[in-house]
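# Reading the structure
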Amino acid sequence: MKSLESIVERCTELAFDLNFTHAKEWKAEEEGRVLVGYMPVYIPREIIHAVNGLAVGIMGAGDRKQIIKGDAYYQSYICHIPRGIIEMALDDNLNDFDGFIFPAICDVIRNLSGMFKVIQKGTFVKYLDLPQNFQSHIGGEFYHKEMEHILEYIEKINGARVTTEKLNHSIELFNHNRRLLEMIYDLRQKYPWRMTNVDLYHIVRAGQVIPVEEHNEILEAVHDHLQKDIGVKQDRIKVVVSGSFCEQPPVGLIKSIEMAGCYVVDDDFMIGSRWIQGDVDDASGNPLKALAEAYISRSPFSSSVYDVDNPKEGRLADLVKKRKADGVIFAAPSFCDPALLDSPILQKGCDDRKIRYIGIQYSENTGQFKVIKEQVGAFSDSIKLWEDEPVAV
Amino acid sequence: MIIQKEMIAGLFKDLASVKESGKKVVYTFIPGNLSELIRSFDMLPVYPEINALQSGMRKKSGEFIREAERHGHSEDVCTYVKCDVGMMIKGNIGPTGEKLPDPDLLLLSYTGCFTFMKWFETLERLYPGVPVALIQSPYQEDATITPEMTEYMVKQLKEEVIPKMEEVSGQKFDEEKLKGILKLSAEAEDWIVKIFDSTKHRPSPIDAYFAGVYYIGPINIGFRGTQEAVDYYKELYKEVQERIAKGLGPITPEGVMKEEKFRLVVEGPPNWTSFREFWKLFYDRGAVIVASSYTKVGGVYDYGFRHDSEHPLETLAEYCMNCYTNLNLPQRINLLEKCITEYHADGYLTNSIKSCNSFAAGQLMMMRELEERLEIPVGFIETDLVDPRYFSYSNIKNRLESFFEMLEQRLLIEQD
Ligand code: SF4
Ligand code: SF4
């Protein structure tokens, strides 16, 4: 078995390869393979897999690419992620991609889909209108049709016809992937010192850009490693990070949170890879329906999901409890309406339940973390020192 | 203008007296509003955006926004939401100085803007226990309305919205009544298209942005589908025809605009906190707006869409999906191109709203695209809807001055 260090090293390379070399090589290996780029937060990757495709997460350029053209397309008061994505589209980073999917999360991502249409990037550009109606015969059916549209686009490119067997097989692989991720999160909750959150971040992010089969192998090895008694326990508080579901925090920020005295035991970075809670039925006669059902009834709480029947503050509190966390760090991208409009709701929920929290803002290319480190340090100290007092910073 | 004022005042009067009348109140939004359906149940609408807009015009929004920020709202989010939340926290006193009634139903018809959803999640917590009906309008991502999109909406109407309306109002859904209302909607829509089309004339008899926002008032805030609205638009059309016959330009707050120098198409909502000063910057320089995207947020009628009383639910669905911000970017560009060409605009101006992603994201690309396609001079300014902190008069004036100078030069060259 490969060492944990070498796995992490490989994943770190993959996670931030903005040329998506590995995915492009995968495509070149065989005739008829397609690459489909997708933006945060969630798409059913299973359906792409079932038609000889690879869904590649385009999670932004982070702090790894100089933005020159992107800034000319966006006003200063719009978040950072679309700048990096359009910069990549205008450069050569996204060449060889056959299509792009923009799942419904906000108006910025939605309008970015239109920008891709204007610059005619890829053979197809699909805004995936995820349903906000959570009844199977209404929202579920609509979502079913949305998935069929994606399959039609891909069939036009490579002629691949989807079958029940193929879809069920893909579902099985992604179920396995989600299960492994969940097991790793569970282990880290108990023994967070065995692997840093930054390392975990790279491992999860690598899974966005490589075939699921390969990622499953990586996760299996990581899981094996984490069962060993490695690392040294430190006096840190346990936190859940919430609000970073779309534009990703710079790795330096995650590192700063850890260095300031926290173990991050759950987060919503790339929540799409853990979206469906539990398994999707992989033995049904109608796998698209199974995927739609899973979305309708087993999505996590998220800023992209209307929560009228299932208030998000309660679900965040449940997560804090499940992870035995000491508090929450609300880390939202600057100018992110969905995350920032959710904050008062979630923070009130925390106040009502006496859950401690702190709120910070970032941009994917933030380079200075001194202030954040001090804030988080004060937060973790206050929890360690004054255990019983509710804290809001 | 007087008729329009009376209509709106009447609505607020009705809202102030719901205790006596027993009428039920629905909070809902303008883009993709289901006015006709609400009316068919004899309920009264409250539009949070209108409250925010009115608060902006009455210089109250700054205080409300700060109040929301004190309650944990970020500086960087949609200011309509914050203004509305702040107003509610401070007692929900409406534009007429009277308290607005609490909602009996929260009707989230969320068209063209994701923030509406967030807004209602907030409202829902301010009014716990009030039923919520959500109807999602699929986005015209592929520049078309497919049968499944309509079907999805119709199902939501039948199984989500109408049953909740029946429950709240205590009335059964009356399709014939709805059909009658829809007939009047189509009539009003015919008139409003003719009115906005009048800007083809030189000089343009109306300003389709600064005055346009008043013209769209009745059709957008619950009067679509009433005889009153039809009469109002007929009257307005008559007035516009008279102006054309006399060769008159648009009316401004300082009287008739003297000389029409520049004809513009504007993309983006206006600023409300300094609305008059903002407008003056244009009419003082002889700039008239011949078309604007903002007047289409409550419905795009340019391509012939009219409410169709023969298919009442389908038509409501199509109406929702046809609102401006529910169009994809290429569709928006094409629509603006049509406006620039048909109304013979000399320039294209973007008013970018700091806190409105629904409009702002992509505006710069739209501007480039139009500049390239039509070789038209383009201008760009930044304001906010209702946050007075983001209206910098001198900055806007400077930018507009340079834009007007550019237009002047272009016109001189063209004359040569
Ligand atoms: S960071 Fe927030 S505002 Fe920006 S694209 Fe993502 S969800 Fe939208
Ligand atoms: S973001 Fe824009 S369209 Fe959406 S609610 Fe705010 S002002 Fe309205």
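Residues numbered from 1 in each chain as written. Chains lettered and ligands numbered in written order. Predicted model: local features only at pLDDT ≥ 70, side-chain atom pairs only at ≥ 80, totals over all residues. Heavy atoms only, no water.

### Digging into the overall build of chain B
For chain B, the helix and strand inventory stands at 18 helices and ten strands. The C-alpha atoms of chain B give 21 Å as radius of gyration, which agrees with the globular expectation for 416 residues (22 Å, within 12%). By its C-alpha atoms, chain B is 70 × 50 × 40 Å across when sized along the principal axes. In chain B, the share of contacts with a sequence separation of at least 24, taken over all contacts with a separation of at least 6, comes to 77%. Surface exposure of chain B reaches about 15100 Å², of which carbon and sulfur atoms provide 50%. Between the averaged position of the 48 positive side-chain charges in chain B and that of its 64 negative side-chain charges there is a distance of 4 Å. (Helix = DSSP H or I, 4+ residues; strand = E, 2+ residues; numbered from the N terminus. Rg over C-alpha atoms; globule rule 2.2 N^0.38 Å. Contact = heavy atoms within 4.5 Å. Areas by Shrake-Rupley, 256 points an atom, 1.4 Å probe, with all protein chains shown as cover. Lys, Arg positive; Asp, Glu negative; His and termini not counted. Charge placed at Lys NZ, Arg CZ, Asp CG, Glu CD.)

### Describing the overall build of chain A
Helix and strand counts for chain A stand at 15 helices and eight strands. Against the compact-globule benchmark of 21 Å for 393 residues, chain A has a radius of gyration of 20 Å, which places it among compact chains. For the C-alpha atoms alone, the extent of chain A along its principal axes is close to 65 × 50 × 45 Å. Buried positions account for 65% of the 393 residues belonging to chain A. Considering only intrachain contacts with a sequence separation of at least 6, the fraction spanning at least 24 residues in chain A is 76%. (Buried < 20%, exposed > 50% of the residue type's maximum accessible area, 1.4 Å probe, protein only.)

### Description of the site of ligand 1
The environment of ligand 1 is made up of Cys79, Ile81, Ile105, Cys106, Val108, Ile109, Cys246, Glu247, Pro333, Cys336 and Pro338 of chain A. Mapped onto the domain boundaries, the shell around ligand 1 takes at least three residues apiece from domain 1 (32-162) and domain 2 (236-303 + 310-393) of chain A. (Near = heavy atom within 4 Å. Domains from an automatic or database assignment.)

### Let's talk about the interface of chain A and chain B
Between chain A and chain B, the contact holds 53 residues from the first and 58 residues from the second. Considering only the side of chain A, the residues that lose the most area to chain B are Tyr77, Tyr306 and Leu341 of chain A, jointly responsible for 16% of the buried surface there. If you look at where chain A meets chain B, you find seven salt bridges. Here Glu313 of chain A and Arg125 of chain B are joined by a salt bridge, their closest N and O atoms 2.7 Å apart. Summed over the shared surface of chain A and chain B, the number is 31 residue pairs in polar contact (both at pLDDT 80 or more). Of the residues that constitute the side of chain A that touches chain B, the class distribution is 29 nonpolar, twelve polar and twelve charged. (Buried area = accessible area lost by both parts, 1.4 Å probe. Salt bridge = Lys/Arg side-chain N within 4 Å of Asp/Glu carboxyl O. Polar contact = N/O pair within 3.5 Å; in protein donor to acceptor, adjacent residues only side chain to side chain. Nonpolar A, V, L, I, M, F, W, Y, C, P; charged D, E, K, R; others polar.)

### As for the packing of aromatic side chains
This model, assessed by the stated rule, comprises 44 aromatic pairs over all chains. Geometrically, the ring pair formed by Tyr42 of chain A and Tyr295 of chain A is stacked, given 5.7 Å between the ring centres and 20 degrees between the ring planes. Taken together, the residues span a long stretch of sequence, with Tyr42 of chain A in the loop between strand S1 (34-38) and helix H3 (45-49) and Tyr295 of chain A in helix H12 (residues 287-298) at a distance of 253 residues. Like Tyr295 of chain A, Tyr42 of chain A is buried. Considering the side-chain rings of Phe29 of chain B and Trp119 of chain B, the 4.9 Å spacing of their centres and the 55 degrees angle between planes classify their relative orientation as tilted. Separated by 90 residues along the polypeptide, Phe29 of chain B in the loop between strand S1 (25-27) and helix H3 (35-40) and Trp119 of chain B in helix H7 (residues 115-126) bring together distant segments of the chain. One Lys or Arg, Arg194 of chain A, reaches over the ring of Tyr191 of chain A and ends 3.6 Å from the middle of that ring. (Phe/Tyr/Trp six-rings, centres within 6.5 Å; stacked < 30°, edge-to-face > 60°. Lys NZ or Arg CZ within 6 Å of the ring centre and 35° of its normal.)

### Observations regarding the pairing of strand S10 (residues 378-383) of chain B
Residue and element names in this part refer to chain B. In terms of burial, S10 is a largely internal element, five of the six residues being buried. Sheet topology places strand S9 (residues 347-353) next to S10; six bridges connect them, and they run parallel. Across the sheet, the residue bridging to Ile353 is Thr383, located in S10. (Pairing = 2+ DSSP bridges.)

### Digging into the site of ligand 2
All names here are of chain B. Lining the immediate surroundings of ligand 2 are Cys78, Tyr80, Cys113, Thr115, Phe116, Trp119, Cys356, Ser358 and Leu385. With three residues, the top contributor of residues to the shell around ligand 2 is H7. Here the residues of the shell around ligand 2 sort into seven nonpolar, two polar and no charged.

### Looking at the environment of Ile43 of chain A
Residue and element names in this part refer to chain A. Relative to the helices and strands, Ile43 resides in the loop between S1 and H3. You can call Ile43 buried: its relative accessible area is 4%. When the C-alpha atoms of Ile43 and Asp186 are compared, they prove to be 24 Å apart, with 143 residues separating the residues in sequence. When residues no more than four places from it in sequence are discounted, the contact partners of Ile43 are Tyr38, Ile48, Ala55, Ile101, Pro103 and Leu128.

### Here's the deal with the pattern of salt bridges
Oppositely charged side chains may form a pair once their charged atoms are brought near each other. All names here are of chain A. Taken as a whole, this structure holds 54 salt bridges over all chains when the rule is applied. Of the charged contacts in the structure, one is a salt bridge between Glu29 and Arg33, with a shortest N-O distance of 3.4 Å. Residue Glu29 is classed as exposed on the basis of its relative accessible area of 60%. Of the residues examined, Arg33 reaches a relative accessible area of 15% and is grouped as buried. Here Arg323 and Asp186 are joined by a salt bridge, their closest N and O atoms 2.8 Å apart.

### Remarks on a negative patch on the surface
The grouping of Glu213, Glu214, Glu217, Glu220 and Asp224 of chain A at the surface amounts to a negative patch. Of note, Glu213 of chain A is situated in helix H10 (residues 212-226). (Patch = residues over 30% accessible without salt bridge, like charges linked within 9 Å, V, L, I, M, F, W, Y side chains within 5 Å.)

### What to know about the confidence of the model for chain B
On average, chain B scores 96 in pLDDT, and the residues at 70 or more come to 100%. What the predictor reports for the complex is a pTM of 0.97 with an ipTM of 0.96. (pLDDT = per-residue confidence, 0-100.)

### A look at the pairing of strand S8 (residues 356-362) of chain A
All names here are of chain A. Across the seven residues of S8, five count as buried, placing the element largely inside the fold. Where strand S7 (residues 327-333) meets S8, seven bridges bridge the pair, whose relative direction is parallel. When the bridges of S8 are listed, Ala331 appears paired with Ile360. In terms of handedness, the path from S7 via helix H14 (residues 337-352) over to S8 forms a crossover that is right-handed. (Right-handed = clockwise from strand over helix to strand, strands pointing away.)

### Side note on the sheet that holds strand S2 (residues 53-57) of chain A
Residues and elements named next belong to chain A. Judged by pairing direction, the sheet is parallel, and its four strands sit side by side in the order S2-S1-S3-S4 without closing on themselves. The open sheet has two free edges, formed respectively by S2 and strand S4 (124-128), since each of these has just one partner strand. Strand-to-strand twist across the sheet, computed as the mean angle between neighbouring axes with direction ignored, equals 25 degrees. Pairing between strand S3 (residues 99-103) and S4: five bridges, direction parallel. (Axes fitted to C-alpha atoms, helices over the stretch in contact; angles between N-to-C directions.)

### Thoughts on the packing of helix H8 (residues 164-190) of chain A against H12 of chain A
Residue and element names in this part refer to chain A. One way to put it is that H8 packs onto H12 with a least axis distance of 9 Å and a crossing angle of 35 degrees. Residues Thr164, Leu167, Asn168 and Ile171 of H8 form the contact with H12, whose own contacting residues are Pro287, Leu288 and Leu291. Looking at side-chain class alone, the contact of H8 with H12 contains five nonpolar, two polar and no charged residues.

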